[in-house]
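A structural walkthrough
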Amino acid sequence: MAQKGVQLERETLISCPICLDLLKDPVTIPCGHSYCMKCIKGFWDGEDEKKLHSCPQCRQSFTPRPVLLKNTMLAALVEELKKTGPPPAPADLCYAGAEDVACDVCTGRKLRACKSCLVCLISYCEKHLQPHYESPAFEKHKLVEPSKKLQENICSRHDEVMKLFCRTDQQCICYICTMDEHKGHDTVSAERTERQRELEGSRLNIQQRIQDGEKEVKLLQQEVEAVNGSADKAVEDSEKMFTELIRLMEKRSSDVKQQVRSQQKREVSRVKELQEKLEQEISELKRRDAELKLLSHTEDHNQFLHSYPSLSALSEPTHSSSINIRPLSYFEDVTAALSAVRDKLQDVLREEWTNVSSTEVEVLLSAAEPTTRAGFLQYSQEVTLDPNTAFTLVLLSEGSRKATFMTQQQSYSSHPDRFTKYPQVLSRQILTGRCYWEVELRGGAVDVAVAYKNISRAGNESGFGFNDKSWSLFCHQNCYSFCYNRINTLLSGPLSSRVGVYLDHRAGVLSFYSVSETMTLLHRVQTTFTQPLHAGVRLWDYVATAEFSKLK
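What comes next concerns the included structure. (Residues numbered from 1 in each chain as written. Predicted model: local features only at pLDDT ≥ 70, side-chain atom pairs only at ≥ 80, totals over all residues. Heavy atoms only, no water.)

Remarks on the overall build of the chain
Spelled out, the test is: Here a helix means four or more residues in a row that DSSP labels H or I, a strand means two or more in a row labelled E, and each is numbered from the N terminus. Using a 1.4 Å probe on the protein chains alone, a residue whose accessible area is under 20% of its type maximum counts as buried, one over 50% counts as exposed, and one in between counts as partly exposed. Accessible surface is estimated by sampling points in the Shrake-Rupley manner with a 1.4 Å probe; for residues, cover comes only from the protein chains shown.
Counting its regular elements, the chain contains eight helices and 23 strands. Per-residue burial for the chain yields a buried fraction of 31% across its 552 residues. Element-wise, carbon and sulfur atoms account for 54% of the exposed surface of the chain, whose accessible area totals about 35400 Å².

Have a look at this one:
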């Protein structure tokens, strides 16, 4: 155990992680790792261009470049080890196995090599390695971990160690090669150092990409959790809403049944009462008819004349002409009214269901905002205006794509979604994901806006930009300004009759562009949208128009 402890101490304390040899002029950098002064200086020299210096082991970065001071304690340990040599390994662990590198010096049963020398091109066990530690002649020899490929460092043509690298032919060569087939080529003796720097740079790049990838994986996991949570809530809310609708329909059905049955009972009772009265009158008339018939057959004139005045006068008849018979049509009005309600409900469900089914959820990370109009057009969104939201002085035309400020009231029906304070209107479409649309402006000042569905419809706070539920770009013939939550910002940019609007709902990006031969950004908003949005326009001058362009 003591021997293993000493060996571990040697590997962890007095070996340079760069050259893999005993520390020479050992220095300890701020993170606590130790290196040969020459090795760490050479490593940091390669990082000078980045102006950022790091530890080759833990990758901790230092700015500015640390000042290196000799670690006297480690220097003393190294000197002590040079005097005593490395401790021998336990006997049962010294012999080389099939997968081990064997000592090239041992005869008979070979021991396991503990180091290979790149100068001698021989692998040594701990016993035969000791001269490398004790003799100054081996001081400049390069010791590395045991390797079976040492012979690959020997030039096959000249039987010399290949200590040079030919950049022209991209291969290792010996000194004799430089005077032969590689004469005049670009050769260097320190290619490993340069390649090592490239390797370390590649590792840093890979490690940075790993960190970035792990962050993106974590973001995607959070996105999955958010999508699952939102979907679960949407399903739960939809079930509650449909349950409420079903209960309401069942209650209305019960009310209609009760109302019809109650009216049926009253009408039947009234008819039966009249029927009984008529039947009593018929019975009375039949009785009188019998009396008159009997009297008419009396042959005694005196008796006839005596009995006739005693007959009582007839009661007033119930004239059948006063009874209005409407066969099978008593409750047709109820059926017709319910049919009209059904048709309206189907229309509402059909219109709103289109909005529900067209809503898309984007899970991928948001793409960068396009830089050309062609790039924006790939996200083009058809926009039509909702007449149920239009102010009464706003005329919609061109398939509800164009809004015009009129002097006369338009014949719109009453609707809770209608704006009552300002001449503005919202789109039918729900805007989510990435969308782009353009608005052509004519005749005066216009606001090009986006807003939540629940924006106020009345009062001063219903104006686009006058609240925290809408974002508005004011466009006039000589200026632009942006308004949100009553905060107005004056903007600069080339004047144009066409404004482009780009929305990345998930990323919280809303951008307004002046569109002509080129596109110029007028204003960009970075926020978090909590609801789907609708496009909108507000008209400031009579006969001002705003038309949503057909881009597809």
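What follows picks up the thread again.
Here we look at the side chain of S511
What counts, and what does not: Distance and chemistry together define a polar contact, namely a pair of N or O atoms within 3.5 Å, with one atom able to donate a hydrogen and the other to accept it when in protein, and with adjacent residues in sequence counting only for side-chain atoms on both sides. We call two residues in contact whenever any of their non-hydrogen atoms come within 4.5 Å of each other.
Summarising the element assignment, S511 is placed in strand β20 (residues 509–515). At 3.3 Å, the side chain of S511 and the side chain of R524 are in polar contact. When neighbours within four sequence positions are excluded, S511 is seen to be in contact with E369, G500, V501, Y502, L521, H523 and R524.

Observations regarding helix α3 (residues 72–84)
So the rule is basically this: The span expected for a helix works out to 1.5 Å for each residue beyond the first. The arc refers to the directions leading from the helix axis to the C-beta atoms.
The first and last C-alpha atoms of α3 sit 19 Å apart over 13 residues, in line with the 18 Å expected at 1.5 Å per residue. Where α3 is concerned, the buried positions are L74, A75, V78 and L81. Buried residues along α3 cover an arc of 125° about the axis, so they all sit on one side. Facing away from the buried side of α3 by more than 90 degrees, the exposed set consists of T72, M73 and K83.

Overview of the sheet that holds strand β8 (residues 164–166)
Rule in force here: Pairing between strands requires that DSSP locate at least two bridges from one strand to the other.
Pairing in this open sheet of three strands is antiparallel, and the strands run β9-β8-β10 from one edge to the other. In this open sheet, the two edge strands, each paired with only one partner strand, are β9 (171–173) and β10 (187–188). Bridge count between β8 and β9: three bridges; the pairing is antiparallel. Its bridge partner being in β9, F165 is matched across the sheet by C172.

A look at the environment of R434
With respect to the helices, strands and loops of the structure, R434 is situated in strand β14 (residues 434–442). Along the chain, R434 and H505 lie 71 residues apart, while their C-alpha atoms are 6.3 Å from each other.

Let's talk about the sheet that holds strand β13 (residues 424–426)
What counts is decided by this rule: The angle between two axes is taken between their N-to-C directions and runs from 0 to 180 degrees, where each axis is a line fitted to C-alpha atoms and a helix contributes only its stretch in contact.
With antiparallel pairing, the six strands of this open sheet are ordered in space as β13-β22-β15-β16-β17-β18. Every other strand in the sheet has two partners, leaving β13 and β18 (487–491) as the edge strands with one partner each. Strand-to-strand twist in this sheet, taken as the mean axis angle between neighbours without regard to direction, amounts to 20°. As paired elements, β13 and strand β22 (residues 533–539) share three bridges and run antiparallel to each other.

Notes on the nonpolar core
Heads up, the rule is: What is meant by a nonpolar core is a set of buried Ala, Val, Leu, Ile, Met, Phe, Trp, Tyr and Cys residues, joined one to another through side-chain atoms within 4.5 Å.
Formed by 40 residues in total, the largest nonpolar core has its most connected members in W437, W471 and L510. For W437, the residues in contact, after removing those within four places along its chain, are Q381, V383, L431, V450, V499, G500, V501, L503, A535, F548 and L551. Residues C39, F62, V78 and C117 belong to the second largest nonpolar core, which totals 24 residues.

A look at unusual backbone geometry
Cis geometry marks the peptide bond from T63 to P64; its omega dihedral reads 0°. Even without a glycine there, the phi angle at S400 is positive, about 65°. On the secondary structure map, S400 appears in the loop between β11 (394–397) and β12 (402–405). Even without glycine at this site, N485 takes up a positive phi of about 55°. One can find N485 in the loop between β17 (479–484) and β18.

With respect to the side chain of S514
In this fold, S514 is placed in strand β20. Separated by 2.8 Å, the side chain of S514 and the backbone oxygen of P494 make a polar contact.

A few points about the environment of Q60
Looking at where Q60 falls in the secondary structure, it is placed in the loop between β3 (53–54) and β4 (61–62). Between the C-alpha atoms of Q60 and C31, which are 29 residues apart in sequence, the distance is 7.0 Å. Every residue in contact with Q60, bar those within four places of it in the chain, is listed here: C31, H53, S54 and C55.

Comments concerning the pattern of salt bridges
To be explicit about the condition: By definition here, a salt bridge exists when the distance from a side-chain nitrogen of Lys or Arg to a carboxyl oxygen of Asp or Glu is within 4 Å.
Taken as a whole and assessed by the stated rule, the structure comprises 22 salt bridges. We note a salt bridge from R287 to E284, for which the minimum N-O separation is 2.4 Å. Taken together, the residues span about one helical turn, with R287 and E284 both in helix α5 (residues 191–296) at a distance of three residues. Given a relative accessible area of 38%, R287 falls into the partly exposed group. The salt bridge involving E440 is made with R442; its shortest N-O contact spans 2.9 Å. Note on R442: relative accessible area 45%, which makes it partly exposed. Via salt bridges that share partners, R373, E438, E440, R442 and R498 belong to a single interconnected network.

A short note on the packing of aromatic side chains
For clarity, the threshold we go by: Whether two aromatic rings pair depends on their centres lying within 6.5 Å, for rings of Phe, Tyr and Trp, where Trp uses its six-membered ring; planes under 30 degrees apart make the pair stacked, over 60 edge-to-face, and the rest tilted. Criterion for a charge above a ring: Lys NZ or Arg CZ within 6 Å of the ring centre, and within 35 degrees of the ring normal.
Under the counting rule described, the total for this entry stands at 13 aromatic pairs. Ring plane angle 70° and centroid distance 5.3 Å describe the contact between F376 and Y502, whose orientation is recorded as edge-to-face. Here the residue F376 occupies a position in helix α8 (residues 373–377), and Y502 occupies one in strand β19 (residues 498–504), the gap between them amounting to 126 residues. One aromatic cluster is present, formed by F376, Y379, Y436, Y502 and Y513 through successive ring pairs. Geometry around Y422 places R538 over its ring, the cationic atom sitting 4.1 Å from the centre. In this arrangement the basic side chain of R538 is found over the ring face of W540, its NZ or CZ atom lying 3.8 Å from the centre.

Quick word on the state of the cysteines
As a reminder of what qualifies: Two cysteine sulfur atoms make up a disulfide if the distance between them is within 2.5 Å.
Overall, the coordinates contain zero disulfides when judged by the stated rule. For C125, which is in no disulfide, the shortest distance to another cysteine sulfur is to C103 and amounts to 3.7 Å. C174 takes part in no disulfide bond, and the closest cysteine sulfur, belonging to C177, lies 3.5 Å away. For C174, a relative accessible area of 0% corresponds to the buried category.

Digging into the pairing of β11
Alternating positions in β11 separate cleanly, V394 and L396 being buried on one face and L395 and S397 remaining unburied on the opposite face. The pairing of β11 with β12 spans four bridges and is antiparallel. Paired with S397 across the bridge in β12 is K402.

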